[in-house]
Amino acid sequence: MIQNISKTNPYDIFNLNQSYLIDIEELEMKYCELQNIFHPDKFINSTEKEKEISAYESSNINNAYNLLLNNVDRIKILLKLKGYNTNSNNEKSFTDKDLLEEIMELQNRCMSIENENQKVKIKTEIIEKIRIIESEINQNFEKKEFSEIKNLSVKLSYLEKIKKNLN
Amino acid sequence: MNLINIDEPNKKPLTSKCLGIDFGTTNSVCSVKIGEKVIFIEDSKRMNLIPSIVCFDKTVKVGNDIDLEKNLQNSIFSIKRFFTSNPDGQIVINSNSDCLSPVEIAKEIFSHLKKICNDFLDEEVNDCIITVPAYYDERARSGIMRSALMSGFNVRRLINEPTAAAFAYGLDKKKRGKFLVYDLGGGTFDVSLLNLKDNLFKVIGTSGDAKLGGDDLDQLLLDYILNTYFDHIKNDLSNIEKLSLKKASKSIKEKLQSVNNIIAEVTIKNKKKNIEINVNVIEKIFNEIITKTIKITDQLIKDCNVQVDEIDGFILVGGSTRLALIPKKIKEHFKKDIYCELDPDRVVSYGAALHGFDLLNGSKNLLLDVTPLSLGIETMGGLMEKIIPRNSNIPVVKEQTFTTNENGQTSIKISVIQGERETSNKNTLLGEFILSDIEPKPAGIPRIKVRFSLDVDGILFVSAIDESSGNEKNLVIKTNKDLNITEMKKLVESSIKNAKEDMDTRLLIESKIKASRLINEIENVKDQIETLCTKKDIENINKTSNMLKKEMKTNDKERIETLTDNLNEKTKNFAQKLIDKNFKNFVGKDLDVLE
């Protein structure tokens, strides 16, 4: 009989340490291990009830996996786990004027890309920026500077969006 | 020494059989894994490839049983293509202008496949896996599922065609690594990127064009031949002449798979022409379509965030990839190894049979697939709010909370849409329902939680709940008039278990479907019935519909049919009123006044 394992915390589902940097290969491996147990294909001859649980748990595992793979989502989860209320200061507008300008400038440059070379150059630049921010975020998690992380995550999510649009 | 056979004679097999059915645009193929071997089903003419053609003459004929020269007028080709526009639309099937829907026409093909499988295996096998194009939307998927269920198949899974092919390569040819499956069939183009490991087959992403296939290549070649050689008579060809020309161009295409140059003699209306075509000409004619497929492939690789260098090879699937031009173009563009060792016409069914065996009998192998298109709902201003983005792993359950945009709003219409465009009218509307009895509150206060649940077959279930009142409404995507998939599945499963005779079961299922369709129709317009009908009418309708619901749990076909007719009669009055009312709404005047 299949058991309900529902856990709300994606880190617990995969039995991973609650840190910002995660080992993607380890996550992938554990993801497959769990799907091997819970995937609906494994319950094709079972009762309706078991099929339902399997579909539910298998979706949970998929959702948790995708949340952890996404670095911006991962920050939100971790902040919540550390007890920092992400909705507390609901200031969606930019307080950081420099950041706004930097993003605007990047966006403008992306709009005026003319050839593949320029595209590759900008992409490398963005990837490097993301790398630096991620390591800052990681350090701030160690220092428990949560409000700083929140600001950095705004920048990170903009950079990720620009990178995605470049594809 | 004598060898002693220790197996009991007539011993029951330890494994269950599950057919792998590739329902194709041009041909359908069935196979089944028995023991360690996959066997391809043959029809009475000993053919594996069953043309997906249905002929509605005095009797219904399918596949190789049709004499096309005689029955061209009454034959339906490429019915699979219609599933992408509207699986429940009406198509004229014969010279008497009789109409059937694609679901009903495809049902005839599935029934035929079921019969040849049973004859060939000499036993009744109901369990099957059906493959569908990866890029099929939810409507097309549930349409195929309904067709197969109506023919009495117990559909255990729908799986994607390229995924099935990759499964075959992974298991049979022991391929390991990242592979791109390029699947150009008769009517659809699919491309999927997969990661094949030991016992694990994971789809990273999928894309394609549900309306692009070998049929389009044939048409281009046919147009070229007509324009170049028969320009002056191309407008007055009869259907038979068109068919023979189509055959000729198809055979030219097929011959060019092995030679570089061909001269074919074609006679039409007593005009004999020597048609000369070489690979360079073919390349020019087909260039546009092949470039299109390569573009889609390129974009998929980018969307998956994968570098071309990381890909270990291309797997070619679908009859159209036999054209030497296709591997050549792919090689030129991607500079990757090409794999096509397994027969591109049969590999999909083969993979499905392998997976079906695994499913029913248990196995270490795991197949993880994704959904091809984004799913969401329409929000203010006709925009699409994505709830499940494409290439999400399935199964998946996602919830999102919405609110009202007017003060005191008590109902909300939820339109479920699928597609990648920003505005909802450019995507496919899958269905809509109304959540009513929301507690009246200022705009923006109510919290309506919408829940999307997409199962492993790619079939969607949607529900909406008003969090303050707990009022809930469910929608299983279906066309208004039909049974939903779960209901049909249950019917088929139970009828298979209880079947005394196949034919009776099928007729019973059909009458139950008809009855349930009517009940659903009535449920859908319940509010309107209450406002438009007299108390006595409503009472009558409710009474009969309750009796019918009760009767549907039994297996009394006659009773069900009588009650269905009865209910139909009772609602006629209402239907007329509804038409009047809709018309009134439309023009703002009474019909009588207009007259």
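Everything quoted here is computed from the prediction, not taken from an experiment. (Residues numbered from 1 in each chain as written. Chains lettered and ligands numbered in written order. Predicted model: local features only at pLDDT ≥ 70, side-chain atom pairs only at ≥ 80, totals over all residues. Heavy atoms only, no water.)

Some points on the confidence of the model for chain A
Threshold: A score between 0 and 100, pLDDT records how confident the predictor is in each residue. Where helices and strands are cited, they refer to DSSP runs of H or I of at least four residues and of E of at least two residues respectively, numbered from the N terminus.
Considering every residue of chain A, the mean pLDDT works out to 84; 90% of them sit at 70 or more. For chain A, helix α5 (residues 97-111) of chain A is the element with the lowest average pLDDT, namely 82, and helix α2 (residues 24-38) of chain A is the one with the highest, namely 92.

Quick word on the pattern of salt bridges
Residues and elements named next belong to chain B. How we decide: Within this document, salt bridges are pairs made up of a side-chain nitrogen of Lys or Arg and a carboxyl oxygen of Asp or Glu, the two lying within 4 Å of each other. Three exposure classes are used, based on accessible area relative to the maximum for each residue type with a 1.4 Å probe and protein chains only: buried under 20%, partly exposed in between, and exposed over 50%.
Counting across every chain of the model gives 41 salt bridges over all chains. Lys173 serves as the salt-bridge partner of Asp172, at 3.7 Å between the closest nitrogen and oxygen. With a relative accessible area of 31%, Asp172 lands in the partly exposed category. Given the relative accessible area of 32%, Lys173 is considered partly exposed. Lys328 serves as the salt-bridge partner of Glu283, at 3.0 Å between the closest nitrogen and oxygen. Separated by 45 residues along the polypeptide, Glu283 in helix α7 (residues 279-303) and Lys328 in helix α8 (residues 325-334) bring together distant segments of the chain. Take Lys328: its relative accessible area is 39%, and that puts it in the partly exposed class.

Quick look at the pairing of strand β15 (residues 261-268) of chain B
Residue and element names in this part refer to chain B. Defined as follows: Two strands pair under a simple rule: DSSP has to find at least two bridges between them.
Alternating residues of β15 divide into Ile262, Ala264, Val266 and Ile268, all buried, and Asn261, Ile263, Glu265 and Thr267, none buried. Of the strand pairs in this sheet, β15 and strand β16 (residues 271-278) are connected by eight bridges, and their pairing is antiparallel. In the strand pairing of β16, Ile262 is matched with Ile277. The turn linking β15 back onto β16 is made up of two residues, and Lys269 within it adopts a positive phi angle of 50°.

Observations regarding the sheet that holds strand β21 (residues 383-388) of chain B
All names here are of chain B. The condition is simple: Here, axes are lines fitted to C-alpha atoms. For helices the fit covers the stretch in contact, and angles between N-to-C directions go from 0 to 180 degrees.
As summarised here, the arrangement of the four strands in space is β21-β20-β23-β24, forming an open sheet in which the pairing is antiparallel. Each edge of the sheet is formed by a strand with only one pairing partner; in this case those strands are β21 and β24 (428-435). For this sheet, the mean inter-axis angle between neighbouring strands, taken without regard to orientation, is 30°. Judged from the seven bridges that link them, strand β23 (residues 412-418) and β24 form a sheet pairing that is antiparallel. By the bridge assignment for β24, Lys413 is matched with Ile434.

Considering the interface of chain B and chain A
The test is simple: Residues are treated as being in contact if the distance between any of their heavy atoms lies within 4.5 Å. Buried area: the accessible area, evaluated with a 1.4 Å probe, that two parts lose upon being put together, summed over both parts. Definition of a polar contact: a pair of N or O atoms within 3.5 Å, with one able to donate and the other able to accept a hydrogen when the atoms are protein atoms, and with sequence-neighbouring residues admitted only if both atoms are side-chain atoms.
Taken residue by residue, the interface counts 25 residues in chain B and 21 residues in chain A. Across the interface of chain B and chain A, roughly 2,000 Å² is buried in total on both sides, 47% from carbon and sulfur atoms. Of all residues in chain B, the largest losses of buried area upon contact with chain A belong to Leu366, Asn393 and Pro395 of chain B, amounting jointly to 24% of the total for that side. At the boundary of chain B and chain A, one finds two salt bridges. Among the salt bridges present, the one from Asp41 of chain A reaches Arg157 of chain B, with a minimum N-O distance of 2.7 Å. In this assembly, chain B and chain A are joined by twelve residue pairs in polar contact (both at pLDDT 80 or more). If you list the elements that add at least two residues to the side of chain B that touches chain A, you get β11 (154-160), β14 (200-209), α7, α9 (347-361), β19 (366-368) and β22 (396-402) of chain B.

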